[in-house]
Amino acid sequence: MRVQFIPLCISFLAMWSSCQSPKTKDLPSKPNIVFIMSDDHAYQAISAYDQGLTSTPNIDRIAQEGMLFSNACVTNSICAPSRAVILTGKHSHLNGKIDNHFPFDTNQITFPQILNDNGYQTAMFGKLHFGNNPKGFDQFKILPGQGHYYNPDFITKHEGKINVEGYVTDIITDMTLDWLKEEREEDKPFMLMYLHKAPHREWLPAERHYKEFMQKTFAEPETLFDDYENRGTAAKTAEMNLLTHMNWAGDSKIPPEVMDALAIKENSNWDKNAYTHTVGRQTDAQREAWDKIYDPMIEEFKKNYPNMSDKELMQWRYQRYMQDYLGSIAAIDDGVGRVMDYLDENGLAENTIVVYTSDQGFYLGEHGWFDKRFIYNESFKTPLMMRWPGVIAAGTKNSQMVQNLDFAQTLLEVAGIDAPTDMQGESLVPLMQGQTEDFRDAVYYHYYEYPSVHMVKRHYAIVTEEYKLVHFYYDVDEWELYDRKNDKHEMNNVIADPAYAETVSRLKKELDAMRIKYKDSPELDKKYVDLYLEKIKR
Ligand code: SGN
Ligand code: CA
């Protein structure tokens, strides 16, 4: 592996000629980096993308003062693998973190380590979800595993394990701001990772937000009642339907004793526990405030439930889901606003690149679903916006197929450092500067975690602006083709339609070539199936 460190760049000019890609215009030297990522934040729930559901004025500011990427996507739509791709700049099959079960191999080089070795002060606050601690950080305070919404524990670099009373999103924001105020060394550039747990399941908003969001109703997506006709086996057998798979207690916040009284069966064997471990974690005062707002909803449900049709139940569950999910996002928006204000008020805005993204997208009732994993749009695409005054023109949009795979090389180029040659992404710096030629026109995707929660079958795919060709494998061998331009909601698998025969054969060849280019193979598919089966047996 070749890592070229800054001290090797003799003069400023020499540095730019050796460290910048040929497409890049001069950049300011070593800016600060604030990388903000939420967990499961759907682009449909950011008003800069879509004003139909909620308003996120602070997150939107990043797009208004910078660039919004309207076609950003992930390589493997699940939490820990996405984070491993981001840190290593390599696809899952090479970095080894193919699913949430396997540990991340910390012997690998990550971009924060390279920045740290090159004079950047580094810090991480919030959710990592690797099962081990990050390397290359001067400071970290991370949630163990998924973490908790109320009164969370943190694993810290210098104080061991701590418990903090309060609401997780506000705590992570406070930690981030405290670090900026008290620990930041002014003579060094910094790279700060500000990583929210919200809006991950089980979607518990802060008091100020559930009070507001419990009073709201939301527009239903067109495909809420999808019957998965004209799709393959994978969509039909997935377990992420709002009506039949979402937890009643854990997710919809119907307490276990009320479920019993109404004879409602658990939708999973952790349904009731999920409630006890989340809502049940609150202090007496937090719980009192919570019950004041949630009890009337529960009372009304008790009255109505016996007479509700499946359709009405689905609609009720969708509203409940959106109230808590979007309510959880409101605290992120507050936090992003506080961090942006701090940068603006302390003369840091000009020399800091701010990135906002999520570890993947999420279904907000589209296809009747919650969760992610599938390559279908709402989970495959992820929000991405960047602000860097002086480099990125305000209020600009980019529609190219950028991926989470690109962050490592992008942020290294931003810092004027050559990326290791085995990273597999592309720097987005030319795109930030408004150049659009010579960028990739297709991306590769591979999802592995099966059989597992939500039962989304293994699949790999090639996606172009026009088409999505997917191969589901392991316990099926099925291909799907979607015409992205003419079938926006991906309701029709046209793989067997003779009108697309030529497209299918061309894309299959391109997919084969792409798998070779990215060093994926049938042998690796088999290796990861075998390792996984071995692992879940234990
Ligand atoms: C938990 C959730 C799942 C979710 C995974 C992975 N169930 O298992 O719904 O898909 O995490 O999420 S829960 O009842 O425990 O909330 S990820 O973001 O970490 O990949
Ligand atoms: Ca996630």
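Placed above this text is the structure.
Model, not experiment: these values are computed from the prediction.

Asker: For the overall build of the protein chain, give the residues involved together with the corresponding values.
Answerer: Each helix and strand counted, the protein chain has 17 helices and 14 strands in total. Here the protein chain has a C-alpha radius of gyration of 23 Å; the compact-globule value for 538 residues is 24 Å, and the two agree. Taken along the three principal axes of its C-alpha coordinates, the protein chain extends 75 × 60 × 45 Å. Here the protein chain, with 538 residues, has 63% of them falling under the buried criterion. A sequence separation of at least 24 residues applies to 70% of the contacts in the protein chain between residues at least 6 apart. Accessible area for the protein chain stands at about 20300 Å²; split by element, carbon and sulfur atoms hold 49% of it. Separation between the mean location of the 58 positive side-chain charges and that of the 81 negative ones in the protein chain comes to 3 Å.

Asker: Which residues make up the nonpolar core, and what values do they have?
Answerer: Ranked by internal contacts, the top residues of the largest apolar core, which has 107 residues, are F301, Y321, Y325 and F374. If near-sequence neighbours (up to four positions away) are discounted, Y321 is found in contact with W203, L242, M246, F362, Y363, L364, G365, W369 and F370.

Asker: Let's hear about the site of ligand 1: which residues, and what values?
Answerer: The immediate surroundings of ligand 1 are formed by 16 residues, with Q146, W270, D371, R373 and H454 found nearest. At 3.4 Å from an oxygen atom of ligand 1 is found a side-chain nitrogen or oxygen belonging to D39. Contacts to ligand 1 include H200, whose side-chain N or O atom sits 2.9 Å from an oxygen atom. One can see that ligand 1 is located within the second largest pocket.

Asker: Tell me about helix 6 (residues 168–183), residues and numbers included.
Answerer: Two residues of an α-helix separated by three or four positions point the same way, owing to the 3.6 residues in each turn. For helix 6, which comprises 16 residues, the first-to-last C-alpha distance of 21 Å matches the rise-based estimate of 22 Å (1.5 Å per residue) to within 8%. Residues of helix 6 that are buried: V168, T169, D170, I171, I172, T173, M175, T176, L177, W179 and L180.

Asker: Outline empty space enclosed by the protein, listing residues and values.
Answerer: The full count for this structure, using the stated rule, is three cavities of 30 Å³ or more. Looking at the largest cavity, its volume works out to about 80 Å³. Around the largest cavity, the lining residues are L87, F104, T106, Q108, T110, Q113, F130, N133, P134, K135 and F137. Residues that form the lining of the largest cavity fall into these classes: five nonpolar, five polar and one charged.

Asker: Would you mind going over the pairing of strand 11 (residues 442–447) in detail, with residue names and values included?
Answerer: Each regular strand shows side chains that alternate between the opposite faces of the sheet. With respect to burial, strand 11 is a largely interior element, six of its six residues being buried. Every second residue of strand 11 is oriented toward a common face, with A442, Y444 and H446 on one face and V443, Y445 and Y447 on the other, all of them buried. Of the pairings in the sheet, the one linking strand 11 to strand 12 (residues 459–464) comprises six bridges and is antiparallel in character. Bridge pairing in strand 12 places V443 opposite V463.

Asker: Run through the layout of surface pockets, naming residues and quoting values.
Answerer: There is about 680 Å³ of room inside the largest pocket. What lines the largest pocket is a set of 26 residues, and nearest its centre among them are Y43, Q44, E378, K488 and H489. Along the lines of polarity and charge, the residues of the lining of the largest pocket split into eight nonpolar, eight polar and ten charged. Roughly 570 Å³ of volume is contained in the second largest pocket. Q146, H200, R201, E202 and W270 are, among the 27 residues lining the second largest pocket, the residues nearest its centre. A breakdown of the residues in the lining of the second largest pocket according to their chemical character gives eight nonpolar, ten polar and nine charged.

Asker: Lay out the side chain of H41 in plain terms, naming residues and giving numbers.
Answerer: For H41, the position within the fold is in the loop between strand 1 (32–38) and helix 2 (57–64). Here A45 takes part through its backbone oxygen, which lies 3.1 Å from a polar atom of the side chain of H41. Only 2.7 Å separates the side chain of H41 from the side chain of Y356, close enough to count as a polar contact. Excluding its chain neighbours within four sequence positions, the residues that come into contact with H41 are I46, I59, P199, Y325, I329, Y356, S358, Q360 and P383.

Definitions and limits used
Residues numbered from 1 in each chain as written. Chains lettered and ligands numbered in written order. Predicted model: local features only at pLDDT ≥ 70, side-chain atom pairs only at ≥ 80, totals over all residues. Heavy atoms only, no water. Helix = DSSP H or I, 4+ residues; strand = E, 2+ residues; numbered from the N terminus. Rg over C-alpha atoms; globule rule 2.2 N^0.38 Å. Buried < 20%, exposed > 50% of the residue type's maximum accessible area, 1.4 Å probe, protein only. Contact = heavy atoms within 4.5 Å. Areas by Shrake-Rupley, 256 points an atom, 1.4 Å probe, with all protein chains shown as cover. Lys, Arg positive; Asp, Glu negative; His and termini not counted. Charge placed at Lys NZ, Arg CZ, Asp CG, Glu CD. Core = buried A, V, L, I, M, F, W, Y, C linked by side-chain atoms within 4.5 Å. Near = heavy atom within 4 Å. Polar contact = N/O pair within 3.5 Å; in protein donor to acceptor, adjacent residues only side chain to side chain. 1 Å grid on protein atoms, 1.4 Å probe; cavity = no way out; pocket = protein on both sides within 12 Å on 5 of 7 lines; lining within 4 Å. Sits in = over half its atoms within 2 Å of the grid points. Expected span 1.5 Å × (residues − 1). Points joined across faces, edges and corners; volume = space filled by probe spheres on them. Nonpolar A, V, L, I, M, F, W, Y, C, P; charged D, E, K, R; others polar. Pairing = 2+ DSSP bridges.

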